[in-house]
Each structure stands twice: as C-alpha cells, then as structure tokens.
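Listed below are the residues making up each chain.
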Amino acid sequence: MKTALTIAGSDSGGGAGIQADLKSFAANGVYGMSVITAITAQNTVEVRSVQDIDLPIVKDQISAVLDDIQVDAVKIGMLSSEGTVEVVAKELIHYQPRNIVLDPVMISKGGHHLLREQAMEALILKMLPLATLITPNIPEAEVITNRSIKTKEDMKAACIEIHALGPAAVLLKGGHLEGEPEDLLYDGNDFYWIAGKRIHTKNTHGTGCTLSSAIAANLAKDMPLLEAVKEAKKYILIAIENSLELGNGHGPTHHFYDLYEKAGLYRSR
Ligand SMILES: Nc1ncnc2c1ncn2[C@@H]1O[C@H](COP(=O)(O)OP(=O)(O)O)[C@@H](O)[C@H]1O
Ligand SMILES: Cc1ncc(COP(=O)(O)O)c(N)n1
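Below is a short write-up of the structure. (Residues numbered from 1 in each chain as written. Chains lettered and ligands numbered in written order. Predicted model: local features only at pLDDT ≥ 70, side-chain atom pairs only at ≥ 80, totals over all residues. Heavy atoms only, no water.)

### Some points on the nonpolar core
In this structure, Leu5, Ile7, Ile76, Leu79, Val88, Leu115 and Met127 are the most contacted members of the largest nonpolar core, which totals 44 residues. Excluding residues that lie within four positions of it along the chain, Leu5 makes contacts with Phe25, Met33, Ser34, Val35, Val65, Leu66, Val71, Ala73, Val74 and Lys75. Core analysis: the second largest hydrophobic core is formed by 26 residues, Val101, Ala169, Ala216 and Ala220 among them. (Core = buried A, V, L, I, M, F, W, Y, C linked by side-chain atoms within 4.5 Å. Buried < 20%, exposed > 50% of the residue type's maximum accessible area, 1.4 Å probe, protein only. Contact = heavy atoms within 4.5 Å.)

### Some points on the packing of helix H1 (residues 17-27) against helix H7 (residues 207-220)
Interaxial distance between H1 and H7 falls to 8 Å at its minimum, and their mutual angle equals 40°. Taken together, the axes of H1 and H7 are oblique relative to one another. Crossing geometry of H1 relative to H7 is assigned as right-handed. Together, Gly17, Ala20, Asp21, Ser24 and Phe25 of H1 and Cys209, Thr210, Ser213, Ala214, Ala216 and Ala217 of H7 make up the contact between the two elements. Among the residues forming the contact of H1 with H7, the class breakdown is six nonpolar, four polar and one charged. (Axes fitted to C-alpha atoms, helices over the stretch in contact; angles between N-to-C directions. Helix = DSSP H or I, 4+ residues; strand = E, 2+ residues; numbered from the N terminus. Parallel < 35°, antiparallel > 145°, perpendicular 65-115°, else oblique. Left-handed = near helix turned anticlockwise from the far one by under 90°. Nonpolar A, V, L, I, M, F, W, Y, C, P; charged D, E, K, R; others polar.)

### Looking at the site of ligand 2
What surrounds ligand 2 is a group of 16 residues, the closest being Gln42, Lys109, Gly206, Gly208 and Cys209. Between an oxygen atom of ligand 2 and a main-chain N or O atom of Gly206, the distance comes to 2.8 Å. Protein burial of ligand 2: of its 370 Å² of free accessible surface, 93% is covered by the chains. Contributing elements (two or more residues each) for the shell around ligand 2: strand S1 (3-11), strand S2 (31-42) and H7. When residues of the shell around ligand 2 are assigned to their parent elements, the largest contribution, three residues, is made by H7. By residue class, the composition of the shell around ligand 2 is five nonpolar, 10 polar and one charged. (Near = heavy atom within 4 Å. Polar contact = N/O pair within 3.5 Å; in protein donor to acceptor, adjacent residues only side chain to side chain. Areas by Shrake-Rupley, 256 points an atom, 1.4 Å probe, with all protein chains shown as cover.)

### Focus on the site of ligand 1
Taken together, 16 residues lie near ligand 1, and Asn137, Lys173, Asp183, Ile199 and Lys233 sit nearest. Residue Lys173 places a side-chain N or O atom 2.8 Å away from an oxygen atom belonging to ligand 1. One of the side-chain nitrogen or oxygen atoms of His176 is found 2.8 Å away from an oxygen atom of ligand 1. In isolation ligand 1 offers 540 Å² of accessible surface; the protein chains occlude 92% of this area. Of all the secondary structure elements, the ones that give two or more residues to the shell around ligand 1 are H7 and helix H8 (225-241). Each residue belonging to the shell around ligand 1 can be placed in one class, and the counts come to five nonpolar, five polar and six charged.

### Thoughts on the state of the cysteines
Simply put, the disulfide is a covalent bond whose two ends are the sulfur atoms of two cysteines. Taken as a whole and judged by the stated rule, the model has zero disulfides. With no disulfide of its own, Cys159 lies 20 Å from the sulfur of Cys209, the closest cysteine sulfur. (Disulfide = S-S within 2.5 Å.)

### Let's talk about H1
Of all the residues in H1, the buried ones are Gly17, Ile18, Ala20, Asp21, Ser24, Phe25 and Ala27. Trailing H1 by a residue or two, Gly29 shows a phi angle of about 80°, which is positive.

### A word on the environment of Val105
Of note, Val105 is situated in the loop between strand S5 (100-102) and helix H4 (120-127). The buried category is assigned to Val105, whose relative accessible area is 13%. Val105 sits 27 residues away from Met78 along the chain, and the two C-alpha atoms are 5.2 Å apart. In this view, Val105 contacts Gly77, Met78, Leu114, Leu115 and Glu140; residues no more than four positions away in its chain are not counted.

So this is what it looks like as structure tokens:
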C-alpha cells in the first residue's frame, strides 16, 4: 500500500489539521502517518489556545517514521514557529522524501495566527524551495508576494512570483475570490485552470487541509501532478457538498468513502 505522512497541527474539533489530513488520506486510499507540530484547542468557532510541540520531539517523530517506513508523499500544514520550520526543513533535507505538498497555513478561518509572523521569512526561505507543490489560498499568496490579488491576471503573476521562490509547482486556490472557485496550477512552464463549482455553505472548515492531503495521496499513488490535482479537486467538491452541520461555526467537510466510491473516484493503486 502507498503511504503518506502529514506534518501539521492537531485540531481537537477534528475538522482541520492532522485529523482532516488522516481522514483525507484514508478516503483517498493511502496509509496515513502523522508528525504533530502543535496542539490547538479548537472547535468549529474558534482556536482557544495553541501549544507548540518541543522541537526535539518534532524531530524524533519525523526520524522515527522515515528511518523505518517507506513514505510516498509528505503533506505539510501548520508549522507554528520559526524553530519548527527550521527543524522540519532540516529533516526533509536529510531524508529527501519525494512528493512534498506544502499548504502554507497562516491564519484560521476565525482569524487566529497558526504561523507566528516571525516565522514567515523562515517558511519562505527554508520551506518553499523543498516543495514539490505549494497550495496557498489568495490571502496566503498575498502575504508571500506582498501584493494584492483581485483578478485572474493577478493570480497568474502571483504564481510566477511564488514559483521563483523555489517550489517545483504552485496551486493558487481561488476560493476566496468572487464567483466560481477556480484554482490555478503553474508548473514553471504552463498554467492550468482547475474549474470549480461554488457550494453555498458555511461548512468549509478544513477545506485547504483536505485538498492538500488528497493531492499528496494522489501523488503517493504515482498520479502525474495535473491528474493528482484534478482528482483531488473532485474529492474536495464532494467533501464540501456533503459537509456536516456540526458545531455552531464553520462545520467540517465530510470524508465520505461510499459516495466517493459511487462517484467512481476511489482508487487504491
Ligand atoms: N464554497 C466552496 N465551494 C466549492 N469549492 C470550494 C468552496 N470553498 C473552497 N473551495 C475549494 O476548496 C479548496 C480549498 O479551499 P480554500 O478555501 O481556497 O482553502 P483554505 O481552506 O486554505 O482557505 C479549493 O480548491 C477551493 O477552490
Ligand atoms: C491545526 C489546524 N491546521 C490548519 C487549519 C486551517 O484550516 P482550513 O483548512 O480551514 O484553512 C486549522 N484551522 N487548524
């Protein structure tokens, strides 16, 4: 069986972070493993508090997995602090796993900082060059490029600028712009618009985590990048369409194995 490792924060509410990643891995047919970087006390409404995990045990979690188990893809989410960015980057350089999908998580839907502002430079300088694919949303891409993104032309320019920072490819998610949520994939040569259909729901907690983990799972299964992204986009659409009315805030997406199978999208290679 193909495998994927998530390096991310824990969401006690189960909708985002490590919990979403492992559910997405399972639904997309790979064996999931986790390295926890931070624990958030979180629900559908808010992040109440955050405890970073001590750096030596972040390092040991990564080496414990990679010394023993074949890892076919790595998904990186919340990194929280500059020290964590540095430790994760160092371990990835040491182990050289293939297929690194970096979701540059910065701020929760409720406005809580999941990456300290002082850690931004380290993320850009140390982590971006290691990524096979980076998956920023519009606000994250605005922070990385330090320019505002309002149009499709702005999205193209941002992709070129982010690609120049080192990742092999960029998927700029358009969900935060008006209209249908179209994402833009840029591999350094060509642009591919990945069409979407807007689902009118407030239950979008964990969409970014779910999508990036589905892409990592697909890359682990040896799908080419464009196919991996397109298939993952179909998966996130189903997960949002079937999102759950749980809690009083942004409910989670649903990792619905049966429906996924019925739609002919489930593939375990
Ligand atoms: N309401 C929605 N309906 C359909 N697709 C959506 C919706 N909101 C987001 N998406 C898609 O889900 C994926 C992740 O969403 P996005 O909100 O951009 O990420 P993040 O959670 O990082 O902010 C993207 O492919 C985006 O286009
Ligand atoms: C631990 C953790 N990681 C990531 C997110 C971002 O979630 P979203 O996918 O909704 O932007 C989150 N809210 N909590």
